[in-house]
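Architecture at a glance
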Amino acid sequence: MINIIGLGPGEFDYITKMGEKLIYSSDILIGGKRNLESIENFSGEKIVLGNNLKEILDFIKNNLHKNISVIASGDPSIYGIGKYLSNNIEHENLNIVSGISSLQYIFSKIFVDMNDVYITSSHGKIPDFDYILSHKKVCMVTDSKIGPHEICREIQKRNLDKIVVVGENLSYANERITIGKPKDILSVDKFDMNVVVILDEK
Ligand SMILES: C[S@@+](CC[C@H](N)C(=O)[O-])C[C@H]1O[C@@H](n2cnc3c(N)ncnc32)[C@H](O)[C@@H]1O
C-alpha cells in the first residue's frame with residue numbers, strides 16, 4: 001500500500017495519530033529533505049523527493065507490494081503531491097491521510113472561519129488578480145516570485161479596501177503573523193515562507 005501522509009504545517013505535534021502510526025510502520029519513506037529530517041528514529045529506508053518526481057513515480061509503481069509512505073507538508077490534497085500521485089497510481093493502491101494545512105492553521109490563528117474561502121496559489125503561474133480579488137475571502141500559498149508585497153501592490157492598483165494577513169513559518173518557533181492594510185504589509189522588508197489571507201474590510 002502507498003500512503004500519502006500530510007504532516008501538518010510543520011511542528012511535528014500537528015501530525016495526526018494515524019499519519020504517525022503509518023509512517024513508523026512503513027518500509028520506505030519518501031519526501032522532501034526538510035520533511036524527511038522531521039521524522040526521527042525511523043528505521044526503514046528514506047528516499048529524498050526533489051526534482052525526481054517521475055523517477056519516484058516509477059519506483060513506487062515497481063514497488064506497490066511494499067509498505068511505502070510519501071510524506072508531504074500540510075494537507076497533500078492542497079497544492080501538494082496528492083494530485084500527481086492520485087492521477088498516476090491506481091486508487092486501490094493508494095491511501096491519503098489528510099494533514100492540517102497551513103491554510104487551515106492560519107485561519108484558526110486569526111479566528112476567522114473558512115466558510116466560502118477561495119483557495120489559490122501563486123506557484124509557477126501568473127495569478128489572475130482581477131478574479132482573485134473579486135472574492136471576499138482568499139487564502140493563497142505563495143512562492144518567491146509572488147508573495148505578500150506583490151499581492152498588496154495588486155490590491156493598491158485596484159484601489160480596493162482589503163485587510164491582508166501574512167502567516168510566516170506557521171507552527172514553528174519563529175512563526176510570525178502580520179495583519180494590516182496593504183501599505184502596512186508593504187512597509188515590512190522581507191517575509192519568510194508564508195501564506196497570505198486577503199479579506200474584505202468590514
Ligand atoms: C507546495 S505548497 C504546499 C501546501 C501544503 N500542502 C499545505 O496544505 O499547507 C507550499 C506552500 O505552502 C505554504 N506553507 C506551507 N507550510 C507553511 C508554513 N509552515 N508556514 C507558512 N506557509 C507555509 C507556503 O506558501 C509554501 O510556499
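Predicted model, so just to flag it, every value in this text is computed and none were measured. For every chain, the first residue of the written sequence is number 1, and numbering continues from 1 along that sequence. Given that this is a predicted model, residues contribute local features only at a pLDDT of at least 70 and side-chain atom pairs are listed and counted only at 80 or more, while totals for whole chains, interfaces and linings are drawn from all residues. Working from all heavy atoms in the structure, the side-chain values ignore hydrogens and water.

1. Quick notes on the domain arrangement of the protein chain
Segmentation into domains, and thus their bounds, comes from an automatic or database assignment. Under the domain assignment, the protein chain is made up of domain 1 (2–100) and domain 2 (103–200). Taking the mean C-alpha position of each, domain 1 and domain 2 sit 27 Å from one another. The contact definition used throughout considers only heavy atoms, calling two residues in contact when any of these lie within 4.5 Å. Every contact between the two is made by nine residues of domain 1 and, on the other side, 12 residues of domain 2. A 1.4 Å probe defines the accessible area here, and the buried area is the portion of it lost by two parts on being joined, summed over both. Contact with domain 2 buries surface across domain 1, with Pro9, Ile78 and Tyr79 losing the most and accounting together for 51% of the total. Each polar contact in these results corresponds to two N or O atoms within 3.5 Å; when the atoms are within protein, one needs to be able to donate a hydrogen and the other to accept it, and residues that are neighboring in sequence are counted only if both atoms are side-chain atoms. At the junction of domain 1 with domain 2, the criterion picks out three residue pairs in polar contact (both at pLDDT 80 or more). Residues are grouped as follows: Ala, Val, Leu, Ile, Met, Phe, Trp, Tyr, Cys and Pro are nonpolar; Asp, Glu, Lys and Arg are charged; all remaining types, including Gly, are polar. Split by residue class, the side of domain 1 that touches domain 2 holds five nonpolar, two polar and two charged.

2. Considering unusual backbone geometry
Excluding glycine, a negative phi dihedral is what most residues carry, and trans is how most peptide bonds are arranged. Its identity as a non-glycine residue notwithstanding, phenylalanine 111 has a phi of 55°, on the positive side. In DSSP terms, a helix is any run of H or I states spanning at least four residues, a strand is any run of E spanning at least two, and both are numbered starting from the N terminus. Its place among the elements puts phenylalanine 111 in the loop between helix H5 (102–109) and strand E6 (118–121). Here aspartate 116, not a glycine, exhibits a phi torsion of approximately 60°, which is positive.

3. Considerations on helix H1 (residues 17–24)
Residues of H1 that are buried: Gly19, Leu22 and Ile23. Down the axis, H1 shows its buried residues gathered within 100° of arc, on one side only. The outward face of H1, more than 90 degrees from its buried face, is lined by the exposed residues Lys17 and Lys21. Buried residues belonging to H1 abut strand E1 (2–6), strand E2 (28–31), strand E4 (68–72) and strand E5 (94–97). Type-normalised accessible area, obtained with a 1.4 Å probe on protein chains alone, sets the label of each residue: buried when under 20%, exposed when over 50%, and partly exposed for intermediate values. Arc definition: it is the arc formed by the directions from the helix axis to the C-beta atoms.

4. Points about the site of the ligand
Taken together, 18 residues are adjacent to the ligand, and Ile78, Ser101, Ser102, Thr142 and Asn194 come closest. Contact between the ligand and aspartate 75: an oxygen atom at 2.9 Å from a main-chain N or O atom of the residue. At 2.8 Å, a side-chain N or O of serine 101 approaches an oxygen atom of the ligand. Accessible surface area values rest on a Shrake-Rupley calculation with a 1.4 Å probe, where residue burial reflects the displayed protein chains alone. Alone, the ligand offers 570 Å² of accessible surface; in the complex the protein occludes 88% of this. For each residue, the test is whether any non-hydrogen atom lies within 4 Å of the molecule or strand; if one does, the residue is near.

5. Overview of the packing of aromatic side chains
Two rings from Phe, Tyr or Trp (for Trp, the six-membered ring) form a pair when their centres are within 6.5 Å of each other. A pair whose planes differ by under 30 degrees is stacked, one over 60 is edge-to-face, and the rest are tilted. Enumeration over the complete set of coordinates arrives at two aromatic pairs. Between tyrosine 14 and tyrosine 105, the ring centres sit 5.4 Å apart and the planes meet at 80°, which makes this aromatic pair edge-to-face. A residue pair is termed long-range when its members are at least 10 positions apart, and tyrosine 14 in the loop between E1 and H1 and tyrosine 105 in helix H5 qualify at 91 residues. Ring geometry for tyrosine 118 versus tyrosine 131: centroids 5.5 Å apart, planes at 90°, classification edge-to-face. Placement of tyrosine 118 in strand E6 and of tyrosine 131 in helix H6 (residues 129–132) is noted, with a sequence separation of 13 residues between them.

6. Looking at the sheet that holds strand E8 (residues 162–168)
In space, the five strands of this open sheet follow the order E6-E7-E10-E8-E9, with mixed pairing throughout. Here the strands that pair on one side only, and so sit at the sheet edges, are E6 and strand E9 (176–180). If you compare each strand with its neighbour and ignore which way they point, the axes differ by 15° on average. As defined by bridge partners, E8 adjoins E9 across five bridges and the pair is classed as antiparallel. Of the residues in E9, the one forming a bridge with valine 165 is isoleucine 179. In this scheme, strands are said to pair when DSSP sees at least two bridges between them. Every axis in this analysis is a line fitted to C-alpha atoms, fitted for helices over the stretch in contact. Angles between the N-to-C directions lie between 0 and 180 degrees.

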